[in-house]
There are 2 protein chains.
Amino acid sequence: MSYTFRITGKKKIKLKSFDPEYDAGLTREEADAKTAALCKEMMELQELLYAASDHSVLIVLQGRDTSGKDGTIRVVTGPLNSLACNVASFKVPTANELAHDFLWRVHQQTPGRGQMTIFNRSHYEDVLVVRVHNLAPKKVWKARYDHINNFEQLLVDSNTIVLKFYLHISKEEQEARLLEREQDATKAWKLSAGDWKEREYWDDYTAAYEDAINECSTKDAPWHIVPANKKWFRNLAVAETIVDALKPYKKAWLKKLDAMGAEEKALIEEFRREKQTTK
Amino acid sequence: MSYTFRITGKKKIKLKSFDPEYDAGLTREEADAKTAALCKEMMELQELLYAASDHSVLIVLQGRDTSGKDGTIRVVTGPLNSLACNVASFKVPTANELAHDFLWRVHQQTPGRGQMTIFNRSHYEDVLVVRVHNLAPKKVWKARYDHINNFEQLLVDSNTIVLKFYLHISKEEQEARLLEREQDATKAWKLSAGDWKEREYWDDYTAAYEDAINECSTKDAPWHIVPANKKWFRNLAVAETIVDALKPYKKAWLKKLDAMGAEEKALIEEFRREKQTTK
């Protein structure tokens, strides 16, 4: 599979140049098989990440309502060992969170060495929803792109592998998914009156996402625009991107594992057993 | 009293140009009287800071062993209402703290709006003790000056008034204080075998402090080199600097207080009562 959705360095992308229907010519079955294999590989890499404890992994998931953030977490990172994998969801900030700078609550949730954290929404909301709904003056949110780049560079300099995903759906696909939620009693809880209202700001969000991606893509903390109309392709694209990002470290992590004493190796064994009993 | 110890913007100061004995020609009695008046003014300003809740105050105290960080906190900020004033002490980092970037534990302790926090030691230790004792490679601590400037700018942009103090004592004064600690049973607990050992690195710390001050002084987050051989002058200098930094906001805070409803004003009354009963 070959596609270039990775954005590195300041660009001037427009989302309309990216096809949300893209599927690399794969069938669903082919994609699901690839994703399953990649998830297996990811679990092995996670074990080495944990064993070596030299790096952290931070995965940022952003996307409009119904774009599939929860689904991606369930399918792609769900199989990982939760001893060293954590999901941080960022909802409407509390009064105490609002009393601090916008990165305060986010920084607290960053992964330690050996750990992987998935941000379900993130600090980017402070240049997305905050901008679209004028929750802060332009001067304030404009300054945040630099703050975000500096913050992510701090994490990168502290051995964090940072991967950011924008789950890219079309306006038509969102409508279909909102309607589906209305009709499916098991999914209705996910639908709030605000979702249809929020859809009216589609173009404003497009502009805000384009700026966030263009302003905050760096070699070390790239954005990935993931075609997400087809959930199975979205899962494959995210899984492959994560595995591709971790694989280059495999040799070094294995080397560190080999050099470990018996006591440390016993801890890794415990990690393996935990995985088998909890999954 | 007139002196210029405030460093703003990148400079090339040398500590030897600053006289640790400086006292502006005051007697101890004169200085203590001034300090007491300033502390009273600071308490009034703190009440307004808390009432308006538009700004935060971060005070960073750094200095060599025995330079008087604890004493400054006791005398200068001790009288403040602890409902809205907090001291954060940064000791040797824990394993979990070391597993994160060096600002992770520090960011968690930053003050929310209306609050004042005093850092007893701080993120600067990561370019001081870490550098002097080679606890991280030069490449790592060198990169931290930028990270610190970016981090402090984030706080400033979120309405934090940042004041950094280096308590400047001479090598002779430190010797006298260490000897005094050895002989005074009530102070002996503060003396560790490491203190005399650490003194051997005097010149390395001088170089590290000079770089920290020169690299990380900005208009919005200035360093202040406080003559600290005379404790009573040190207290006066710190108290005056804090009061001078807060006074320009007084009018705006008062205005906000005036515009408040009865319910909000009742909360301020509670704050006042709390102060009277706990002090």
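Please read all numbers here as calculations on a predicted model, not as lab measurements. (Residues numbered from 1 in each chain as written. Chains lettered and ligands numbered in written order. Predicted model: local features only at pLDDT ≥ 70, side-chain atom pairs only at ≥ 80, totals over all residues. Heavy atoms only, no water.)

(A) Layout of the overall build of chain A. A tally of regular secondary structure across chain A gives 12 helices and 6 strands. Counting only C-alpha atoms, chain A reaches 60 × 45 × 35 Å along its principal axes. Buried residues in chain A amount to 52% of all 279 residues. Accessible surface computed for chain A: about 13100 Å², of which carbon and sulfur atoms make up 51%. Considering chain A, the positive charge centre built from 43 side chains and the negative charge centre built from 42 side chains are found 2 Å apart. (Helix = DSSP H or I, 4+ residues; strand = E, 2+ residues; numbered from the N terminus. Buried < 20%, exposed > 50% of the residue type's maximum accessible area, 1.4 Å probe, protein only. Areas by Shrake-Rupley, 256 points an atom, 1.4 Å probe, with all protein chains shown as cover. Lys, Arg positive; Asp, Glu negative; His and termini not counted. Charge placed at Lys NZ, Arg CZ, Asp CG, Glu CD.)

(B) Structural detail: the packing of helix α1 (residues 28-52) of chain B against helix α10 (residues 231-246) of chain B. Residue and element names in this part refer to chain B. Two elements in contact, α1 and α10, have axes whose closest approach is 9 Å; the angle formed by their N-to-C orientations is 30 degrees. As the angle between them shows, α1 and α10 are arranged roughly parallel. The handedness of the crossing between α1 and α10 comes out as left-handed. Contacts between α1 and α10 pair Arg28, Ala31, Asp32, Lys34, Thr35, Leu38, Glu41, Met42 and Leu45 from the former with Trp232, Asn235, Leu236, Ala239, Glu240, Ile242, Val243 and Leu246 from the latter. Along the lines of polarity and charge, the residues of the contact of α1 with α10 split into 10 nonpolar, 2 polar and 5 charged. (Axes fitted to C-alpha atoms, helices over the stretch in contact; angles between N-to-C directions. Parallel < 35°, antiparallel > 145°, perpendicular 65-115°, else oblique. Left-handed = near helix turned anticlockwise from the far one by under 90°. Contact = heavy atoms within 4.5 Å. Nonpolar A, V, L, I, M, F, W, Y, C, P; charged D, E, K, R; others polar.)

(C) Structural detail: the relation of the copies chain A and chain B. With an RMSD of 0.0 Å, the fit of chain A onto chain B corresponds to turning through 180 degrees and sliding 0.0 Å along the axis. Here the symmetry operator amounts to a two-fold rotation axis. A symmetric contact is evident, with 100% of the interface residues of chain A recurring at the interface of chain B. (Least-squares fit on C-alpha atoms with pLDDT ≥ 70 in both.)

(D) Structural context of the pattern of salt bridges. All names here are of chain A. Enumeration according to the criterion identifies 32 salt bridges over all chains in this entry. Between Asp32 and Arg28 there is a salt bridge, and its shortest N-O distance comes to 3.2 Å. Placement of the pair is Asp32 and Arg28 together in helix α1 (residues 28-52), with a separation of 4 residues, close to one helical turn. Given a relative accessible area of 33%, Asp32 falls into the partly exposed group. (Salt bridge = Lys/Arg side-chain N within 4 Å of Asp/Glu carboxyl O.)

(E) Quick look at the environment of A:Gly68. Counting through the fold element by element, A:Gly68 comes out in the loop between β2 (56-63) and α2 (69-77). Other than its neighbours up to four places away in sequence, A:Gly68 contacts A:Leu167, A:Arg177 and A:Arg234.

(F) Examining the pairing of β2(A) more closely. Residue and element names in this part refer to chain A. Most of β2 sits out of view: 8 of its 8 residues are buried. Side chains of β2 alternate between two faces, with Ser56, Leu58, Val60 and Gln62 and Val57, Ile59, Leu61 and Gly63 buried alike. Strand direction decides the pairing type here: β2 and strand β4 (residues 116-120), joined by 5 bridges, are parallel. Note that in β4 the partner of Leu58 across the bridge is Thr117. (Pairing = 2+ DSSP bridges.)

(G) How the structure looks around the nonpolar core. Within the largest apolar cluster, 72 residues are counted, with the highest numbers of intra-cluster contacts made by B:Tyr124, B:Phe165 and B:Ile242. In terms of residue count, α10(B) provides more of this core than any other element does, 10 residues in total. Excluding residues that lie within four positions of it along the chain, B:Ile242 makes contacts with B:Met42, B:Ile59, B:Val76, B:Thr77, B:Leu163 and B:Phe165. Membership of the second largest hydrophobic core comes to 71 residues, among which are A:Met42, A:Val76, A:Val132 and A:Tyr145. (Core = buried A, V, L, I, M, F, W, Y, C linked by side-chain atoms within 4.5 Å.)

(H) Focus on the sheet that holds strand β1 (residues 6-7) of chain B. In spatial order, the strands read β1-β6-β5-β2-β4-β3 (chain B); together these 6 strands make up an open sheet with mixed pairing. At either margin of the open sheet sits one strand with a lone partner, and together these are β1 and β3 (85-89) of chain B.

(I) Quick peek at unusual backbone geometry. All names here are of chain A. In the Ramachandran plot, Asn134 falls in the positive-phi region, its phi being about 50 degrees despite a non-glycine side chain. Take Asn134: it is sitting in the loop between α5 (129-132) and α6 (138-157). In this structure Asn134 comes out as exposed when scored by relative accessible area, which is 63%.

Keep in mind these values describe shape, not function.
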